[in-house]
Amino acid sequence: MTDPSAPLIEIDNLEVDFEVGGRLFARAGQTKLRAVDGVSLELRRGETLGLVGESGCGKSTLGRTVLHLIKPTGGQVRFDGRALDDLDEIELRQLRRRMQIVFQDPFSSLNPRMSVGEAVAEPMLIHGLAGKDDWRPKVAELFDIVGLGPAMIDRYPHEFSGGQRQRVGIARALAAQPDFIVCDEAVSALDVSIQAQIINLLEELRTRLNLTYLFIAHDLAVVRHISDRVAVMYLGRIVEIAAKSDLFENPLHPYTEALLSAVPIPDRNAEINRQRILLPGEVPSPLSPPSGCALHPRCPKAMAVCRDLKPALRPHGEGHHVACHLYSEDNPGSF
Amino acid sequence: MTAAAQAPPLLQVRDLAVEFGGDGGVVKAVNGVSFDLHRGEIVALVGESGCGKSVTALALLRLVADPPGRITAGSIHFDGEDLLQIPLPLLRDIRGDRIAMIFQEAMNSLNPVHRIGRQIAEPLSLHRAMPMRDALAKAVDLLRSVRIPEALRRSRDYPHQFSGGMQQRAMIAMGMGCEPDIIIADEPTTALDVTIQAQLLELLQQQVVEKQTSILLITHNLGIVARYADRVNVMYAGRIVEQAKAEDIYDRPRHPYTLGLLQSVPRIDQAIGDKLTPIEGQPPDPINPPPGCPFRPRCRFAVTRCDEDIPPLRRLTDSQSIACWVDVDD
């Protein structure tokens, strides 16, 4: 057995490039879009790591690359000590059983012609965890765990509401008996009253089945609620990572500060006195990222150095890392 | 806003009902909705998917597709006239001119084959008989006012050349063009990232302060409501279940559904570790709603009476009403 104190997942300097501009428009030559730009992270066993950032920041690509659903251009992912790019197809498939994903829209990830029971049984059959004749009681048990009645096994996806479909999506991920689940905007499409049900379910399952989650979402309040640690991404890079209480009470990166101040609080009195940091402009295109620190054209605290030099992710306090020149050692303002 | 509350409301909606008919049965999507909108105030219609908030917004300008939809009852008084009764040509003069609408998906509301500037200029030349040249110049000013950089050059772009946030800003510019009395904003920032969301909502609020525009803000986001709305209508299953000033809704929710909604949202300023309290169950099947109060099957406070009688909206204070036999504050 592996050392239980060793991280379950180690991501080392991961890079993902997409080639954009197909043949039709390729006159000017192929252009590379760097979606993930040198990300290093660890996920400890049993923890939930929240990954936040705005559309196009690379958080979903990172999640899929961790599962090797997208092959990285550079860098490495190690799962339980084994480098995924060293594995052949069969070994990768065996390891994939232990890594599952729950998507935002469960409807588009369920086959409309398969009963939801069959959909949940499929991973069991593929991985030899159940046979064609004996999957039913195992699926019924999973349905019970995620809060669906056994009568629902023979129904079809269109008969389910959004929240119920997400329960099916979770049951399907659990069917393979995984250690690790990527939740990619898994509760984002749900109404708040239902969202709270699913968040509570995910939390219960984590304790009960000793799961590790990479929880990708754009809703910071949800991420704060469910995560142990939180990483913030901007334009393909991690700009800050810390224990959640640290990150939310003492954000260091100007982008994290702006992001937190933009999240509305459902309380009139709290909202009325809040100071908001409005970042001018929009997230630049990853096709032509700014020089130096990618935030510098929008950053209220930008200095001359930010235009030229990409800040590295450095420790700043216990378990708190930030990629910002404000906190680099040669900046006198930081101490 | 307090002064405005004394004057008669700019928009007065009474007992509005909208049905959708199909082979599967009739859905009462909006079922007796009444509310007021005064000059220079932001009023929110808040609720979850399928509660009827967007259908209400569409019905205000008679934009509900018929068939399958029908406005079956009610009145919508705007500036002395009932929008449900006036002839369609008169209503067309009001749409986009005195009452503008901003939708969630700007990409679907902008015409992909026309330049942005021209689309913003169109209502100006239509409603204000402005020569196209002047209207185009005004369109550039409007784009500048919603902070589109290089507005003159960008006004010649097509919608696909704009990012999602810029498209939504162009929609707001179009909505503001004729300086409407009312802007109906249906989930205006829902598809956008929080930092862009904040930029746009500040723009809309500025419009209220500077031009005394009134905004009907339709959203599912209780945080946005807390920051921007003066008064709030909470909808559930086609009805308004609570109506109050924004500060009262959050300080002292009185309807079990409002309380349930507030308890189920995680808050960024809340003590870490509190478990969320979801509302158990799901919204009722709109084709076969339960007898009695539609919230009854999910309600923690229900009493026997809730099984039979649908509670009407009743006044608790001058500014707070609930449609509930119980008052969770008791």
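Every chain's residues receive numbers from 1 upward, in the order its sequence appears when written. Chains and ligands are labelled sequentially in the order written, the chains with letters from A and the ligands with numbers from 1. A pLDDT threshold of at least 70 governs which residues receive local features in this predicted model, and a stricter bar of 80 or more applies before side-chain atom pairs are shown or counted, although totals over entire chains, interfaces and linings include all residues. Water and hydrogen atoms were dropped before computing side-chain values, which therefore reflect all heavy atoms in the structure.

**Observations regarding the packing of aromatic side chains**
Each aromatic ring pair is specified by the distance between its two centres and by the angle formed by the two planes.
(1) Moving on: By convention, a stacked pair of Phe, Tyr or Trp rings (six-membered ring in the case of Trp) has centres within 6.5 Å and planes under 30 degrees apart, an edge-to-face pair has planes over 60 apart, and any other such pair is tilted. Under the criterion given, the structure shown has four aromatic pairs over all chains.
(2) Moving on: Residues Tyr234 of chain A and Tyr255 of chain A carry aromatic rings whose centres are separated by 4.5 Å and whose planes lie at 50 degrees to one another, so their mutual orientation is tilted. Residue Tyr234 of chain A is located in strand S9 (residues 229-234), and its partner Tyr255 of chain A is located in helix H9 (residues 254-262); the two are separated by 21 residues in the primary sequence. The pair formed by Tyr234 of chain A and Tyr255 of chain A is uniform in burial state, with each residue classed as buried.
(3) Moving on: Note on Tyr257 of chain B and Phe295 of chain B: the rings are 5.3 Å apart at their centroids and 70 degrees apart in plane angle, and the pair reads as edge-to-face. We count a stretch as a helix when DSSP gives it H or I for four or more residues in a row; a strand needs E for two or more, and each element gets its number in order from the N terminus. Buried means the residue's accessible area, taken with a 1.4 Å probe over protein chains only, is under 20% of the maximum for its type, while exposed means over 50%, and partly exposed covers the values in between.

**Description of the domain arrangement of chain B**
Residue and element names in this part refer to chain B.
(1) Moving on: Taken domain by domain, chain B holds domain 1 (11-98 + 181-322) and domain 2 (107-177).
(2) Moving on: Boundaries between domains were set according to an automatic or database domain assignment. For domain 1 versus domain 2, the separation of C-alpha centres amounts to 29 Å.
(3) Moving on: Any two residues whose heavy atoms approach within 4.5 Å at even a single point are treated as in contact. In this complex, domain 1 contributes 15 residues to the contact, which on the side of domain 2 involves 12 residues.
(4) Moving on: Summing both partners gives a buried area of about 1100 Å² for domain 1 against domain 2, and 61% of it is carried by carbon and sulfur.
(5) Moving on: Summed over both partners, the accessible area lost on bringing two parts together, with a 1.4 Å probe, is the buried area. Per-residue buried area on domain 1 facing domain 2 is highest for Asp97, Leu200 and Leu203; these three make up 41% of the total on that side.
(6) Moving on: Counted as salt bridges are all cases of a side-chain nitrogen of Lys or Arg within 4 Å of a carboxyl oxygen of Asp or Glu. In this structure, the connection of domain 1 to domain 2 is made through one salt bridge.
(7) Moving on: Residue Arg128 is joined to Asp97 by a salt bridge in which the shortest nitrogen-to-oxygen separation is 2.4 Å.

**Some words on the side chain of Asp181 of chain B**
(1) Moving on: Within the fold, Asp181 of chain B resides in the loop between helix H8 (164-176) and strand S7 (182-186).
(2) Moving on: In contact with Asp181 of chain B, other than residues within four places in its own chain, are Leu10, Arg39, Phe78, Arg98, Thr213 and Ser214 of chain B.

**So, the sheet that holds S7 of chain B**
Residue and element names in this part refer to chain B.
(1) Moving on: What makes two strands pair is DSSP finding at least two bridges between them. Pairing is mixed across the open sheet formed by eight strands, whose spatial order is S6-S7-S8-S3-S9-S10-S12-S11. Of all strands in the sheet, those bounded by a partner on one side alone are strand S6 (99-102) and strand S11 (314-317). On average, each strand axis in the sheet is inclined to that of its neighbour by 20 degrees, with strand direction left out of account.
(2) Moving on: Where strand S9 (residues 231-236) meets strand S10 (residues 239-245), six bridges bridge the pair, whose relative direction is antiparallel. Axis definition: a line fit to C-alpha positions, over the contact stretch in the case of helices; interaxial angles, taken between N-to-C directions, run 0 to 180 degrees.

**Observations concerning the side chain of Glu19 of chain B**
(1) Moving on: You can see Glu19 of chain B is positioned in strand S1 (residues 11-22).
(2) Moving on: Not counting residues within four places of it along the chain, the set of residues in contact with Glu19 of chain B comprises Val26, Val27, Lys28, Pro68, Gly69, Arg70 and Thr72 of chain B.

**Let's talk about the interface of chain B and chain A**
(1) Moving on: Each side of the interface is counted separately: chain B has 47 residues, and chain A has 41 residues.
(2) Moving on: Carbon and sulfur atoms supply 55% of the area buried between chain B and chain A, which totals about 3900 Å² over both sides.
(3) Moving on: Of all residues in chain B, Arg227, Ile268 and Ile272 of chain B give up the largest surface area on contact with chain A, accounting jointly for 19% of the area buried on that side.
(4) Moving on: Across the chain B-chain A interface, the total number found is five salt bridges.
(5) Moving on: Across the pair Arg267 of chain B and Asp267 of chain A runs a salt bridge, and its minimum N-O distance is 3.1 Å.
(6) Moving on: Pairing of N or O atoms within 3.5 Å defines a polar contact, subject to two protein rules: one partner must be a possible hydrogen donor and the other a possible acceptor, and residues neighboring in sequence count only if both atoms are side-chain atoms. Between the two partners, chain B and chain A, sit 21 residue pairs in polar contact (both at pLDDT 80 or more).
(7) Moving on: Looking at the side of chain B that touches chain A, the elements with two or more residues in it are H8, helix H9 (194-211), helix H10 (222-228), helix H11 (246-251) and helix H12 (256-264) of chain B.
(8) Moving on: With seven residues, H10 of chain B is the largest single contributor of residues to the side of chain B that touches chain A.

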